[in-house]
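As a plain string of letters, each chain reads:
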Amino acid sequence: MTVAAPPAKGQFETRPLLVFWETTKACALACAHCRACAQHEPGPDELSTREGFALIDELAAIGRPRPILILTGGDCLQRSDVVEIARYAQRQGVPVAISPSVTPQLTGSILDELGECGVRSASLSLDGSNAATHDTLRGIRGHYEETLVAIRLLKDHGFTTQINTTVMSSNLHELADIAVTMHDLGVDVWEVFFLITMGRGTEILESSALENEDVCNFLVDASRYGFTVRTVEAPFFRRVAATRKQEPPPADAPVPGPLYRELRDRLFEKLGPPTAPVRAPSAATRDGKGIIFVATNGDIYPSGFMPYRLGNVRTEHLVDVYRDNPVLRAIRAATFEEPCGSCPYAQLCGGSRARAYAATGNPLAADPGCLLVATARQS
C-alpha cells in the first residue's frame, strides 16, 4: 500500500485547533439525528457567564495561535449572554465562531451585534436537497426554506458561511443536489458530517463503509466548484483526497463504486465540468487531536460525538486535560488497534474515534466506517 506523508511532528500535541463549547441544551427544533438530544429549556447545570469567561481566559493564556472557540448547542442564541461572551472573548484575543439553529432568534440585529464583537464565521445545518428530506429530519415544516433565507442573511451580513450536512442512508442520493445548492448560494465551506449512532441518531441508519468511500470521492469533486469541503467523523476523506492527487492514482487505492459515479454525473449535469482546484484541507485533526469539546455542564470530551468523559472544566484545566489525558495522548500518537494501527494513513487519517467508540466501547479500536478496515476484516 502507498504510504502517505506524515503530518508535522507534534501537530496539535500541546493545544487544540478547535474548542467546541456546548453553551446550552435549549433549542426550538427537534431534529431526528440530534447529537445533543436538545430540549426546549436550558439545563439546570449549564456553565454560567462567569464560568464561560474562565474558559475563555484559559484559552487566552495558551498564547498565539489561540484555539478557535465555537459556540454551539442546542442553540447558542438561546443564551441571553451570547453577545457578552463573544465580546469578552474579543477582549481576550480568542477567536469565536457560532453554530446557531435556524429559528426566529437568528436575526440581522443579533448578527450585527456579534459581528461588532469580532465574530466572523457561522455554520448552519442543511440536511437535504428539498423540503421533504430536510423538514422531516428537522421536525419543523417550512424549515428548509427558512434555512435558505438564513444562509442569505449570513452572507448579507458578511459572515464566512459554513453549511453542515449529515450523511446518512436517507439522503445519500441527494448529496449532488445539496452541493449544487452550496454553489448557487455562494457558501464558503461545506462541512459534511458522517453520522455517528449516538443521541437521537441511534434510530437512523448510517451509511456503509463502501458508501462512505464513494461519498468521499464525490466530495473531492465537489470541492472544485468554489467552496471548501471538510468532513466530520470521516478522517478517511483526507486519505481519499491525498490519493486522488496522485497521477496515476496508486494501484492499491480502492476503486470508486456506483454511488460515486451517480453523484459525480449528477453534479456534472447540473454545474458542468469543474474549473477550480480541489479545496480540501489536510490538517490531520480527529476526536481528541486538534479538537476538544466542553459540554453544557462543563464535562470534557474528545469531541461532541464521543461521550468518553475526560474531566470537567469546573475542577480541572481544559488545556491540562487535553495535553495529559492518556487516551488523548494515545489518539494523537495513533496508537490504535488493528487494522487502523498499522495503516500507512494512521496519522493523516486515524479513523473516527467516535465511531470506533460507538461500535466497540473502545476509543482506540478500528473505525468500521472506513473501507480499508472493512476490507481488511473480510480478508
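Everything below is about the structure shown above.
The paragraphs below set out a description of the structure included in this document. Keep in mind the model is a prediction, meaning the values are calculated, not measured. (Residues numbered from 1 in each chain as written. Predicted model: local features only at pLDDT ≥ 70, side-chain atom pairs only at ≥ 80, totals over all residues. Heavy atoms only, no water.)

**Side note on the pattern of salt bridges**
Opposite charge on two side chains makes pairing possible when the charged atoms of those side chains draw close.
Consideration 1: Under the criterion given, the structure shown has 14 salt bridges.
Consideration 2: The closest approach of N and O atoms between arginine 230 and glutamate 191, which form a salt bridge, is 2.9 Å. Of this pair, arginine 230 sits in strand β7 (residues 228-232) while glutamate 191 is found in strand β6 (residues 189-194), placing the two residues 39 residues apart along the sequence.
Consideration 3: A salt bridge links aspartate 299 to arginine 309; the shortest N-O distance between them is 2.9 Å. One end of the pair, aspartate 299, is in strand β10 (residues 299-301); the other, arginine 309, is in the loop between β10 and β11 (311-312), and 10 residues separate them in sequence.
Consideration 4: On the accessibility criterion, aspartate 299 (9% relative accessible area) is buried. (Salt bridge = Lys/Arg side-chain N within 4 Å of Asp/Glu carboxyl O. Helix = DSSP H or I, 4+ residues; strand = E, 2+ residues; numbered from the N terminus. Buried < 20%, exposed > 50% of the residue type's maximum accessible area, 1.4 Å probe, protein only.)

**Remarks on the packing of helix α7 (residues 209-222) against helix α9 (residues 258-271)**
Consideration 1: Axis separation between α7 and α9 bottoms out at 8 Å; the angle between their running directions is 25°. The angle between α7 and α9 falls in the class roughly parallel. Note that α7 runs across α9; the crossing there is right-handed. Seen from α7, the contacting residues are Glu211, Asp214, Val215, Asn217, Phe218, Asp221 and Ala222; seen from α9, they are Pro258, Leu259, Tyr260, Leu263, Arg264 and Leu267.
Consideration 2: Within the contact of α7 with α9, the residues separate by chemical class into eight nonpolar, one polar and four charged. (Axes fitted to C-alpha atoms, helices over the stretch in contact; angles between N-to-C directions. Parallel < 35°, antiparallel > 145°, perpendicular 65-115°, else oblique. Left-handed = near helix turned anticlockwise from the far one by under 90°. Contact = heavy atoms within 4.5 Å. Nonpolar A, V, L, I, M, F, W, Y, C, P; charged D, E, K, R; others polar.)

**Thoughts on unusual backbone geometry**
For residues that are not glycine, phi is negative in most cases, and the peptide bond is trans in most cases.
Consideration 1: Looking along the chain, the bond that leaves arginine 64 and enters proline 65 is cis, with omega of -5°.
Consideration 2: When you line up the elements, proline 65 lands in the loop between α1 (49-61) and β2 (68-72).
Consideration 3: Residues glutamate 338 and proline 339 are joined by a peptide bond in cis, for which omega reads 0°.
Consideration 4: As for its placement among the helices and strands, proline 339 is situated in the loop between α11 (326-332) and α12 (353-360).
Consideration 5: One non-glycine residue, glutamate 233, adopts positive backbone phi at about 60°.
Consideration 6: As for its placement among the helices and strands, glutamate 233 is situated in the loop between β7 and α8 (236-244).
Consideration 7: Relative accessible area serves as the criterion here: at 7%, glutamate 233 is assigned to the buried category.
Consideration 8: The residue alanine 334 is not glycine, and still its phi comes out positive at about 60°.
Consideration 9: Within the secondary structure, alanine 334 sits in the loop between α11 and α12.

Structural measurements only, silent on function.
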